[in-house]
Amino acid sequence: MIPVEFDYKVPATLDEAIALLASDLDGAKVLAGGHSLIPAMKLRLAQPQLLVDIARIKSLSYIREEGDQILLGATTTHYQIESSDLLKTICPLLPECARSIGDVQVRNKGTIGGSVAHSDPAGDWPAAVLALDAEFVLVGTNGERTEKAEDFFVDLLTTSLLPGEILREIRIRKPSGRFGQAYQKVPHPASGFAVVGVAVNLVLNDDGSCKSAGIGITGVAVKAYRAHAVETALAGTNLDDNAIAAAVEHVCDGINPNTDLYASGDYRRHLAKVHTRRAIQSAKARVQ
Amino acid sequence: MTDNYVGKRVKRTEDPRLIRGLAHYVDDIALPGTLHVAFVRSYYAHAKINSIDTEAARSAPGVVAVYTGQDVSGKIGPVPCAGALPDLKVPDHRVLATNKVYFVGHPVAAVVAKDRYAARDAVDLIMVDYEELPVVTDVEEAAAGGPVIHDAFSDNIAYRLTSGEGDIDAAFAAADRTVKQRVLHRRLAPIAMEPRGVLARYFPGEEELTLWSSTQIPHLMRTQVALMIGIPENKLRVITPEVGGGFGSKLNVYAEEALLGWISMQLGKPVKWIETRRENIQATIHGRGQVGDIEIAFKNDGTLTGLRYSVFADLGAYHQLLTPAIPTLTGLMLSGAYKIPAIQMNITACFTNKMATDAYRGAGRPEATYIVERGLDLVAAELGVDPAEVRRKNFPQPDEFPFHTATGLDYDSGDYETALNKAQEIAGYQQLREEQKKGREEGRLIGIGVSTYVEICALGPSQAMPAGGWESATVRIEPTGKVTILTGASPHGQGQETSFAQIAADELGVNINDVTVIHGDTGIVQYGIGTFGSRATAVGGTAVFIAIQKLKEKAHKIATHMLEADASRVSFEGGKYSFEKAAAAAAAGTSDPVVPVGEAPAGALPEPQTDGKSSLTLQDIALAAHVAKNLPPDTEPGLSATYFFEPKNFTFPFGTHIAVVEVDRETGDIKWLRYVAVDDCGKVINPMLVDGQVHGGIVQSIGQAMYEEVVYDEQGQLLTGTLMDYAVPRASHIPNFELDRTETPSPVNPLGVKGVGEAGTIGATPAIVGAIVDALAPFGVQHLDMPIKPENVWQIINRG
């Protein structure tokens with residue numbers, strides 16, 4: 001439970017952080033809340049030579065409404081999101097998802113940027129940002145670029161971040177019109193991570209039919225994914241029980257669900273269907 | 001005598017220091033110049049060690065020494081096993097592996113370095129050349145002749161044992177009906193919140209060694225470690241500072257404890273090792289680990305006539321202190337709370353390539369209770385009657401105690417039906433059954449589980465114990481009137497610092513804040529046995545009680561002398577010895593110390609003033625006893641008494657637990673509706689402590705029933721090696737407990753107490769499993785093995 005020796009730097013600015021990462025592209029890792037990286041280091045599964053601690057860069061922690069967008073700084077903690085009155089009003093999926101993460105101590109330290117950049121296949125945030133079709137702002141020595149959440153999660157613990165890049169901001173289009181959201185999760189009894197986690201962002205037409213649905217699934221596959229087939233099947237329907245039941249049958253299309261000691265692939269597939277249905281129903285019931 | 005404390009919900013005096021983080025665990029003790037130890041542990045379950053290259057580690061920065069099995073060979077004796085069974089095979093269990101490793105986590109080498117980091121880094125520099133050997137992890141495969149683990153033996157069977165009384169074959173031959181079921185008790189990891197830890201400091205001048213260890217048995221450990229490392233027992237001091245939970249896992253003598261002591265003697269420096277959680281799951285004993293078949297013979301009216309349990313016990317690769325004894329405890333309790341004329345247990349205990357099993361909260365008794373209670377549910381299902389009624393029919397009646405069982409025990413006292421009735425009343429049992437029926441018609445799956453357990457506590461009479469079953473106490477009144485209790489029991493969370501002080505404060509008529517309970521230091525406390533088997537209060541508390549009576553006899557003699565009265569006319573009341581006529585006046589309240597704190601006189605203690613007094617406080621007498629200028633003839637100065645209490649029998653607490661759950665048809669999730677427990681642990685010293693013990697016990701039962709399982713794969717790799725995989729129940733997993741009690745005093749000790757430390761873990765598991773099985777009864781389910789996970793439930797429902 002003791003990591004290998006490493007250097008530790010606390011840059012004051014994002015530019016300094018980027019320079020530090022560039023100084024050791026192979027050995028440096030970004031440290032934010034530390035709730036994914038530190039356990040991996042203690043088990044010696046991760047052995048970075050340099051930790052660049054960005055948690056104290058004040059300019060990276062914020063929750064802002066700007067035009068039709070919600071902007072979240074990468075080091076915004078789960079607790080800040082969970083307790084944000086603004087988000088509870090304009091995008092309640094985010095606080096709901098935050099509340100389901102770990103425990104109070106974890107939520108006080110852990111950050112949304114750290115969580116998505118780790119791309120844990122059972123992390124909660126990936127489901128929510130996929131459902132919300134978020135964009136990530138990535139910054140490196142070559143400047144800034146944006147990446148869609150869906151393109152960002154590449155594989156197990158792998159993202160499209162290039163060596164030396166830091167996730168700076170998460171951008172979410174502000175939900176508008178008649179929308180309802182929900183996050184439904186089966187926590188693993190030991191780890192608290194999602195055995196299945198389903199985030200739903202539902203937008204209705206004036207007549208009550210489904211205009212669009214964003215559905216993010218975590219815990220089921222090697223990485224979190226958007227359940228496009230379900231989204232497509234829901235669009236245009238009146239969201240009655242039959243329509244929802246038919247749509248959720250597609251939640252694992254093209255997916256080979258994980259098997260572990262707690263849940264087999266078959267059971268996970270079943271849970272994904274049930275909880276996707278429940279999350280959709282819950283989101284629908286919350287439409288204003 | 002007062003009644004200010006015993007029976008009251010007195011807050012734990014231990015808690016303020018624990019809650020404020022001011023308590024000291026082994027790792028909180030910092031000695032200058034301490035070196036730190038880290039272990040190289042096998043990552044194979046079974047392998048030959050061809051060679052160990054320690055060269056790079058020895059020359060690594062900060063490393064002071066490296067020891068392998070060869071280095072300590074002949075210098076440290078084997079890890080002890082106290083099991084004394086006929087024809088028991090005892091492997092040569094060395095503190096470090098010598099030629100072979102036998103389980104994942106087996107210590108192979110110890111690195112000593114200037115800090116924990118250097119020690120841990122050097123572990124990675126030690127190259128062990130292993131040659132893998134065939135692995136056996138399944139206990140039945142081990143019994144059937146799988147790869148033989150120990151070269152000294154021809155097979156993996158450590159022992160076979162048949163026990164029980166009555167004509168079992170005749171019982172089955174004459175039975176109207178029988179039921180049979182295979183039952184698994186998975187391996188569990190005790191997961192004490194504080195892992196194990198040892199700090200050893202050798203004093204070369206005094207030739208004395210002090211070991212601070214997180215243990216439940218400081219004195220037994222002192223004796224065993226002294227023998228292992230060859231230091232005179234009176235030159236070894238074992239101190240257990242705060243212990244963050246044991247649950248039986250620290251009722252042991254481990255390789256690391258002896259090795260750290262020996263290393264400190266070699267290097268002349270303090271050395272410390274604090275177990276990591278991964279080591280804790282790998283190399284601290286596991287509990288349970290039985291695969292058995294239960295058969296019950298009974299009449300058509302539900303009367304039980306015979307019970308047979310044939311079990312394979314998974315001992316692991318080695319014996320730890322009590323490893324072989326645990327399955328025999330199961331055999332002792334197979335009569336449960338019932339009259340069963342014939343009982344037979346057949347044990348086949350086997351070595352496997354896994355960590356040793358040993359005592360984990362309940363230690364063999366949860367297995368027995370689970371088997372009997374599951375068995376009675378099967379009988380009820382077979383007969384189509386309510387499970388509570390089958391139980392009621394077979395209870396011994398209160399006037400049948402002491403009740404002799406066909407397992408050879410004599411239960412001390414009991415009133416099982418009253419506890420059952422009370423629990424049913426609290427639960428609203430009939431109404432619950434009606435709701436269940438109505439719910440089923442609506443498609444809801446509600447289940448009700450009942451367990452009417454009896455357990456064995458207050459371990460125990462020395463005849464039944466490997467190294468003494470008594471407990472010791474010294475009670476002394478200091479010159480300032482403060483009361484000091486030294487108990488040989490070594491409480492580690494149970495709260496006896498409070499409950500023993502309650503007993504003493506009432507018996508002596510003093511304020512509880514004037515009583516201090518000292519334990520867990522062999523340099524201070526007279527020899528004791530320790531805390532396990534729910535024994536500390538029933539045996540150790542009784543020792544305190546009787547020592548106080550001895551002390552009071554002496555105090556009475558001194559009081560009589562000082563008051564110049566006839567002994568028969570002096571009585572003790574309200575903390576004062578008084579002439580009869582003054583007794584009533586003196587009786588009010590407790591007495592204060594004769595020397596108030598902060599006003600201690602310089603130099604000589606004040607002379608007690610007795611002139612014209614008609615009563616004397618115990619503190620007056622303590623002072624007189626210490627100043628010793630006016631004592632009766634032939635009276636030793638000082639005011640203290642020591643007593644070693646030898647119990648004549650075990651005690652047998654009992655109770656009824658009722659669990660109510662509802663199963664989610666779609667997901668298999670198990671939701672709590674109710675949990676009712678009526679426990680009878682005899683007289684209660686502190687109801688709050690009893691509640692706390694019951695709470696914790698039920699929670700660990702919930703863990704066993706629904707979440708916990710140590711999983712090894714076929715190669716002996718541990719798949720549940722961290723708390724990310726091994727699920728210990730959290731607050732969100734447990735229901736609200738509705739607790740109550742009945743109180744049937746034990747005749748075995750003058751306090752009438754029985755013990756409650758393990759009741760929850762013993763009584764609750766079958767109620768929980770019974771409830772889940774009952775919820776699934778519409779699907780024809782009669783038994784499910786633990787841990788019952790939502791997926792198991794879903795599969796049953798899905799199967800239709």
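Keep in mind that what you see is a predicted model, and the values were worked out from it rather than measured.

**Side note on the overall build of chain A**
- When helices and strands are tallied, chain A shows 12 helices and 14 strands.
- A globule of 288 residues ought to have a C-alpha radius of gyration of about 19 Å, and chain A, at 19 Å, matches this closely.
- Counting all 288 residues of chain A, 49% fall into the buried class.
- Across chain A, every contact between residues at least 6 apart in sequence was considered, and the portion connecting residues at least 24 apart equals 64%.

**Quick look at the overall build of chain B**
- Per the secondary structure count, chain B includes 21 helices and 28 strands.
- At 28 Å, chain B has a C-alpha radius of gyration in line with the 28 Å of a compact globule built from 800 residues.
- Its C-alpha atoms put chain B at 90 × 75 × 45 Å along the principal axes.
- Residue burial in chain B is summarised as follows: out of 800 residues, 56% are buried.
- In chain B, the proportion of contacts linking residues at least 24 apart, taken out of those at least 6 apart, comes to 81%.

**Digging into the interface of chain A and chain B**
- Facing the 14 residues of chain A at the interface are 22 residues of chain B.
- When its residues are assigned to classes, the side of chain A that touches chain B shows 11 nonpolar, 3 polar and no charged.

**Quick look at the sheet that holds strand β3 (residues 63-68) of chain B**
Residues and elements named next belong to chain B.
- Read across the sheet, 7 strands follow the order β3-β5-β1-β12-β9-β10-β11 without closing on themselves; strand pairing throughout is mixed. The open sheet has two free edges, formed respectively by β3 and β11 (236-239), since each of these has just one partner strand. Strand-to-strand twist across the sheet, computed as the mean angle between neighbouring axes with direction ignored, equals 20°.
- As defined by bridge partners, β3 adjoins strand β5 (residues 107-113) across 5 bridges and the pair is classed as antiparallel. Residue Tyr-67 lies in a different strand from β5, and its bridge partner there is Ala-110.
- Packed on one face of the sheet, helix α7 (residues 218-229) meets β10 (208-213) and β11 and runs near 145° to β11.
- Of the strands in this sheet, β1 (35-41), β3, β5, β9 (197-203), β10 and β12 (271-274) are in contact with helix α8 (residues 255-267), which crosses β9 at around 30°.

**Let's talk about the sheet that holds strand β6 (residues 135-140) of chain A**
Residue and element names in this part refer to chain A.
- Pairing is antiparallel across the open sheet formed by 5 strands, whose spatial order is β4-β5-β10-β6-β7. In this open sheet, the two edge strands, each paired with only one partner strand, are β4 (63-66) and β7 (143-148). Each strand axis lies, on average, 25° off the axis of its neighbour in the sheet, ignoring direction.
- Relative to strand β5 (residues 69-73), β4 runs antiparallel, the two being bridged by 4 bridges. Each bridged residue has a counterpart across the sheet, and for Glu-66 the counterpart in β5 is Gln-69.
- Where helix α1 (residues 14-23) meets the sheet, it contacts β6 and β10 (166-173), and its direction lies at approximately 125° from that of β10.

**Some thoughts on the nonpolar core**
- Grouped together as the largest cluster of nonpolar side chains are 335 residues, with contacts concentrated most on Ala-128 and Val-200 of chain A together with Val-111, Ala-504, Val-544 and Ile-621 of chain B.
- For this core, the element with the highest residue contribution is helix α16 (residues 536-562) of chain B, accounting for 12 residues.
- For Ala-128 of chain A, the residues in contact, after removing those within four places along its chain, are Leu-93, Leu-94, Cys-97, Tyr-183, Ala-199 and Gly-216 of chain A.

**A word on unusual backbone geometry**
All names here are of chain B.
- In this chain, Phe-401 is followed by Pro-402 through a cis amide linkage whose omega measures 0°.
- Looking at where Pro-402 falls in the secondary structure, it is placed in the loop between α12 (387-394) and β16 (403-404).
- Leu-459 connects to Gly-460 through a cis peptide bond whose omega is -25°.
- Structurally, Gly-460 is set in the loop between β18 (445-454) and β19 (471-477).
- Residues other than glycine seldom take positive phi values, yet Ala-458 does so here, at roughly 55°.
- A tally of 31 C-beta atoms within 10 Å means that Ala-458 is categorised as buried.

**Thoughts on the confidence of the model for chain B**
Residues and elements named next belong to chain B.
- In the predicted model, chain B carries a mean pLDDT of 95, and 96% of its residues have values of at least 70.
- Ignoring residues within four places in sequence, the model shows residues 582-586, a span with pLDDT below 50, making 10 contacts including any to other chains.
- Contacts from residues 593-597, a stretch scored under 50 in pLDDT, to residues over four places away or in other chains number 13 contacts.

**Remarks on the domain arrangement of chain B**
Residue and element names in this part refer to chain B.
- The domains assigned to chain B are domain 1 (31-133 + 211-234 + 253-264), domain 2 (287-457 + 650-799) and domain 3 (461-645).
- Each side of the interface is counted separately: domain 2 has 17 residues, and domain 3 has 15 residues.
- Residue composition of the side of domain 2 that touches domain 3, by class: 9 nonpolar, 6 polar and 2 charged.

**Side note on α12 of chain B**
- If you check which residues of α12 of chain B are buried, you get Pro-387, Ala-388, Val-390, Arg-391 and Asn-394 of chain B. Here the buried residues of α12 of chain B occupy an arc of 160° about the axis, which is enough to place them on one side.

Definitions and limits used
Residues numbered from 1 in each chain as written. Chains lettered and ligands numbered in written order. Predicted model: local features only at pLDDT ≥ 70, side-chain atom pairs only at ≥ 80, totals over all residues. Helix = DSSP H or I, 4+ residues; strand = E, 2+ residues; numbered from the N terminus. Rg over C-alpha atoms; globule rule 2.2 N^0.38 Å. Buried ≥ 20, exposed ≤ 12 C-beta atoms within 10 Å, placed from the backbone. Contact = placed C-beta atoms within 7 Å. Nonpolar A, V, L, I, M, F, W, Y, C, P; charged D, E, K, R; others polar. Pairing = 2+ DSSP bridges. Axes fitted to C-alpha atoms, helices over the stretch in contact; angles between N-to-C directions. Core = buried A, V, L, I, M, F, W, Y, C linked by C-beta atoms within 7 Å. pLDDT = per-residue confidence, 0-100. Domains from an automatic or database assignment. Arc of directions from axis to C-beta.

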